[in-house]
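Architecture at a glance
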Amino acid sequence: MVLRSSWKSRHKNSCGPAPRWIRPGLAALLWLCVTRLACGIEAVGEIKNIVQKDAEFDVNYNDTVTSENQTIYAFNHTISRNKGVRVSVDLLSNKSESPILFVVRQKQAVLSFQVPLILRGLYQRKYPYYDVGRTLCQPPTRAASETQYFFVDVSTLSSQGANYQLRVSRVESFTLQTNKKFSFTASPSQPQYFKYVFQDGVDTVIVKVNSDMAFPCSVMSIQDIQCPVYDLDNNVAFIGMYQTMTKKGAITVVARSRQESLSSIEEDDYDTLDDIHSDKNIVRTKKFLYVADLARKDKRVLSKKYQIYFWNIATIAVFYALPVVQLVITYQTVVNVTGNQDICYYNFLCAHPLGALSAFNNILSNLGYVMLGLLFLLIVLKRDLAQNRALERHDVNALECGIPKHFGLFYAMGTALMMEGLLSACYHVCPNYTNFQFDTSFMYMIAGLCMLKLYQKRHPDINASAYTAYACLAAVIFFSVLGVVFGRDNTAFWIVFSVIHILATLLLSTQLYYMGRWRLSKITERKLITDYAGILRRIVYVIYTDCIRQCSGPMYIDRMVLLVMGNIVNWSLAAYGLIQKPNDFASYLLAIAICNLLLYFAFYIIMKLRSGERIKCLALVCILFTAVVWGFALYFFFQGLSTWQKTPAESREHNRECILLSFFDDHDIWHFLSSIAMFGSFLVLLTMDDDLDTVQRDKIYVF
């Protein structure tokens with residue numbers, strides 16, 4: 001599809017580097033640039049008289065403004081999707097000692113400019129313009145038309161006063177049509193932009209612009225339909241794509257999906273300016289937070305961030321599983337060649353061989369993890385596709401309502417469930433204490449990913465990155481290996497681990513309480529000090545000022561309750577480990593992860609109900625069903641048909657006969673039921689907030 005436009009220009013300049021562009025809907029922004037805009041906005045001092053007038057469209061208002069009076073024009077405006085609004089100003093007295101400041105206040109946007117408008121060209125030469133025209137940005141509306149007020153404030157610091165003419169008019173030809181020419185005129189102080197919306201069945205258009213004049217330079221820009229619109233030469237690089245032109249210009253635009261443009265968007269493109277950092281400090285430390293406060297980052301950036309969870313765990317799975325398979329095959333070969341039945345801790349009273357495998361029933365029973373993990377991935381994929389279709393048609397509920405839907409962690413959870421089945425099967429080829437980590441590594445992964453998903457639901461902007469999360473999980477698995485090898489009756493190991501456990505709990509609690517706005521560093525004028533002495537001094541100072549000098553209750557009570565309970569649980573588990581020194585360190589570590597997950601899940605459900613939200617029928621059925629299945633699963637888990645904590649002979653005293661189809665034993669039933677329970681738990685996380693799909697994000701509480 002081809003769209004042609006033409007214009008005339010009277011200005012000259014070169015234009016800066018081209019940025020990226022964003023979404024399927026687009027606004028064709030066309031303007032001419034000659035110079036760099038350098039119009040400083042002066043602060044207005046104390047004003048004695050403020051006059052507000054009810055104003056009308058297409059009427060010229062000739063007024064005078066001084067430093068002692070300010071005029072506000074109030075316009076009652078019916079916003080239409082196909083029409084725009086333009087503010088035009090002429091300065092009638094050229095010798096004003098100070099410029100006039102015009103501020104247009106809309107419901108969802110603010111536009112300000114000064115007259116005369118000073119633009120800078122080559123060698124910093126100044127070009128003053130006394131007639132300025134700007135088109136107001138109109139955000140997408142739910143209805144075809146919507147009535148709103150907007151205000152034009154006029155002020156100056158000039159004591160002599162300045163005469164001006166103000167006119168606000170409607171832009172009737174605001175929406176461009178495919179294959180239809182449209183002529184207009186633009187100047188450096190009067191940029192123009194128009195809207196184009198892709199029609200059904202159209203996925204690519206070419207925007208063409210022709211000018212009668214070869215010189216000066218003109219600029220053509222394509223931007224997303226959103227506020228603000230960057231129509232000045234000093235902010236065009238902020239968003240969209242543009243090109244300079246003399247007589248001809250053309251840009252091809254593709255109903256380009258979000259996924260196709262993710263590779264060019266990095267999370268590091270954001271949160272780098274000091275004012276953005278300050279804004280985060282303000283937003284995240286409010287007493288009452290809403291999801292809209294923590295869902296401010298670009299959706300494409302976050303989607304890419306959370307997709308990395310899936311790709312990373314897929315990579316980890318491949319590199320982890322290959323040596324595991326090789327090792328357990330070696331174990332089984334040694335058993336078959338040597339005939340030594342003490343190497344592997346089977347339930348010999350229900351061990352059914354198949355080929356070279358000694359206990360095929362224990363391997364086969366893990367198939368449920370793989371199948372249900374695959375089923376969960378398909379369910380998530382279906383939801384993901386439905387969400388993408390809703391975004392492509394600019395569905396208001398998908399854009400502005402409900403918990404922000406990022407599916408990367410769900411894909412990672414489904415993959416982890418499948419890998420748990422595979423690695424558990426590998427462990428049961430020859431179960432013993434040296435390879436027990438194969439059976440638990442992805443259980444740690446699943447517990448960690450579930451906690452991250454719970455936190456991500458209402459904290460999408462500040463959830464941990466995949467690299468940080470997997471690095472922490474790798475540290476957990478590392479300690480699991482150390483515990484299995486060195487943890488038996490080793491007091492030094494348990495002291496070190498308990499101290500690390502408690503310190504990690506305190507550090508994580510602090511990060512969660514302050515929403516990541518707390519730092520273990522102190523900034524001086526010249527350098528960043530992160531030495532331990534400085535950290536200790538800061539902690540002591542915070543305790544003194546907040547708890548001793550002016551003792552007051554916590555600002556975030558709900559968060560504090562959760563973290564206090566979490567610290568009690570974790571400190572108790574640390575004390576238990578230090579005193580009892582359990583031989584099965586891997587299971588002890590898994591118990592820590594599960595206790596924290598259950599605590600957080602219970603807190604989430606309680607706070608959800610306390611906030612006036614409800615749980616839909618499907619999610620409620622999943623919760624009840626999953627709880628019952630978990631109960632039966634744990635019963636069979638604790639039957640203990642073998643244990644590598646004892647000698648092979650002592651372990652066989654726990655062996656039992658098959659109980660299902662004369663083929664499967666109690667541990668196989670655990671595999672069946674736990675796979676169903678994990679699948680149900682994932683469905684709970686997927687559906688528990690479906691009741692919020694039509695609720696505005698600025699009304700959904702963060703907890």
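Residues numbered from 1 in each chain as written. Predicted model: local features only at pLDDT ≥ 70, side-chain atom pairs only at ≥ 80, totals over all residues. Heavy atoms only, no water.

So, the pairing of strand 5 (residues 61-65)
- Alternating positions in strand 5 separate cleanly, Tyr61, Asp63 and Val65 being buried on one face and Asn62 and Thr64 remaining unburied on the opposite face.
- Taken together, the five bridges between strand 5 and strand 14 (residues 162-171) define a ladder with antiparallel strand orientation. Bridge pairing in strand 14 places asparagine 62 opposite glutamine 165. (Buried < 20%, exposed > 50% of the residue type's maximum accessible area, 1.4 Å probe, protein only. Helix = DSSP H or I, 4+ residues; strand = E, 2+ residues; numbered from the N terminus. Pairing = 2+ DSSP bridges.)

Here's the deal with the confidence of the model for the protein
- Looking at the protein as a whole, its pLDDT mean stands at 80, while 81% of the residues score no less than 70.
- In the model, residues 257-278 has pLDDT below 50 throughout and makes 34 contacts with residues more than four positions away in sequence or in other chains.
- Below a pLDDT of 50 lies the segment residues 521-530, which in the model reaches 12 contacts outside its immediate sequence neighbourhood of four places, other chains included. (pLDDT = per-residue confidence, 0-100. Contact = heavy atoms within 4.5 Å.)

Observations concerning a nonpolar patch on the surface
- Residues Ile495, Val499, Leu503, Leu506, Trp571, Leu578 and Ile579 make up a contiguous nonpolar surface patch of about 640 Å² in total accessible area.
- Those elements that place two or more of their residues in the nonpolar patch are helix 9 (491-513) and helix 11 (557-580).
- For the nonpolar patch, the leading source of residues is helix 9, giving four residues. (Patch = residues over 30% accessible without salt bridge, like charges linked within 9 Å, V, L, I, M, F, W, Y side chains within 5 Å. Areas by Shrake-Rupley, 256 points an atom, 1.4 Å probe, with all protein chains shown as cover. Salt bridge = Lys/Arg side-chain N within 4 Å of Asp/Glu carboxyl O.)

Some thoughts on the state of the cysteines
- Across all of its chains, the model carries two disulfides by this definition.
- A sulfur-sulfur distance of 1.7 Å marks the disulfide that ties cysteine 344 to cysteine 430. What sets the handedness of the cysteine 344 and cysteine 430 disulfide is the S-S torsion sign, and at about -90° it is left-handed. With cysteine 344 in the loop between helix 2 (299-338) and helix 3 (360-364) and cysteine 430 in the loop between helix 6 (408-427) and helix 7 (437-458), this pair connects stretches of sequence that are 86 residues apart. With respect to class, cysteine 344 is no different from cysteine 430; both count as buried.
- The partner cysteine of cysteine 350 in its disulfide is cysteine 658, sulfur to sulfur 1.8 Å. (Disulfide = S-S within 2.5 Å.)

Digging into the side chain of threonine 626
- Inspection of the secondary structure puts threonine 626 in helix 13 (residues 617-637).
- A residue is classified by how much of its surface remains accessible, and threonine 626, at 5% relative accessible area, is buried.
- Leaving out residues up to four positions away in the same chain, threonine 626 has contacts with Ala677, Gly680, Ser681 and Val684.

Here we look at the environment of proline 116
- Locating proline 116 in the fold gives a position in the loop between strand 9 (110-115) and strand 10 (117-120).
- Taking the C-alpha atoms as reference points, proline 116 and isoleucine 100, 16 residues apart in sequence, are found 7.3 Å from one another.
- Setting aside its immediate chain neighbours within four residues, proline 116 contacts Leu91, Pro99, Tyr129 and Tyr130.

What to know about the packing of aromatic side chains
- Scanning the entire structure with this criterion turns up 43 aromatic pairs.
- Seen in terms of ring centroids, tyrosine 196 and phenylalanine 198 are 5.7 Å apart; in terms of plane orientation they differ by 75°. Their pairing is edge-to-face. Assigned by exposure class, tyrosine 196 and phenylalanine 198 land together as buried.
- Summarising the aromatic geometry, the rings of tyrosine 604 and phenylalanine 703 are spaced 5.2 Å apart at their centres and angled 65° between planes, so their arrangement reads as edge-to-face. Taken together, the residues tyrosine 604 in helix 12 (residues 585-610) and phenylalanine 703 in the segment after helix 15 (666-687) connect sequence positions 99 residues apart. Of the two residues, tyrosine 604 and phenylalanine 703, neither departs from the other in class, the shared state being buried.
- A network of ring pairs unites the aromatic residues Phe478, Phe479, Phe493, Trp494, Phe497, Tyr576, Phe585 and Tyr588 as a single cluster. (Phe/Tyr/Trp six-rings, centres within 6.5 Å; stacked < 30°, edge-to-face > 60°.)

Examining the sheet that holds strand 13 (residues 145-156)
- An order of 4-6-13-8-9 is seen for the five strands of this open sheet, with the pairing classed as mixed. The sheet terminates laterally at strand 4 (49-55) and strand 9, the two strands that pair on one side only. Ignoring which end each strand starts from, the neighbouring axes of this sheet average 20° apart.
- Alignment of strand 8 (residues 100-105) against strand 9, held across six bridges, turns out to be antiparallel. Residue pairing in the sheet places arginine 105 in a bridge with valine 110 of strand 9. (Axes fitted to C-alpha atoms, helices over the stretch in contact; angles between N-to-C directions.)

With respect to the sheet that holds strand 7 (residues 84-91)
- As summarised here, the arrangement of the four strands in space is 5-14-7-12, forming an open sheet in which the pairing is antiparallel. In this open sheet, the two edge strands, each paired with only one partner strand, are strand 5 and strand 12 (131-135). Between one strand and the next, the sheet's axes are offset by a mean angle of 25°, whatever the strand orientation.
- Bridge analysis of strand 7 against strand 14 gives eight bridges, and the strand direction is antiparallel. Each residue of the ladder has a partner; that of arginine 86, found in strand 14, is serine 169.

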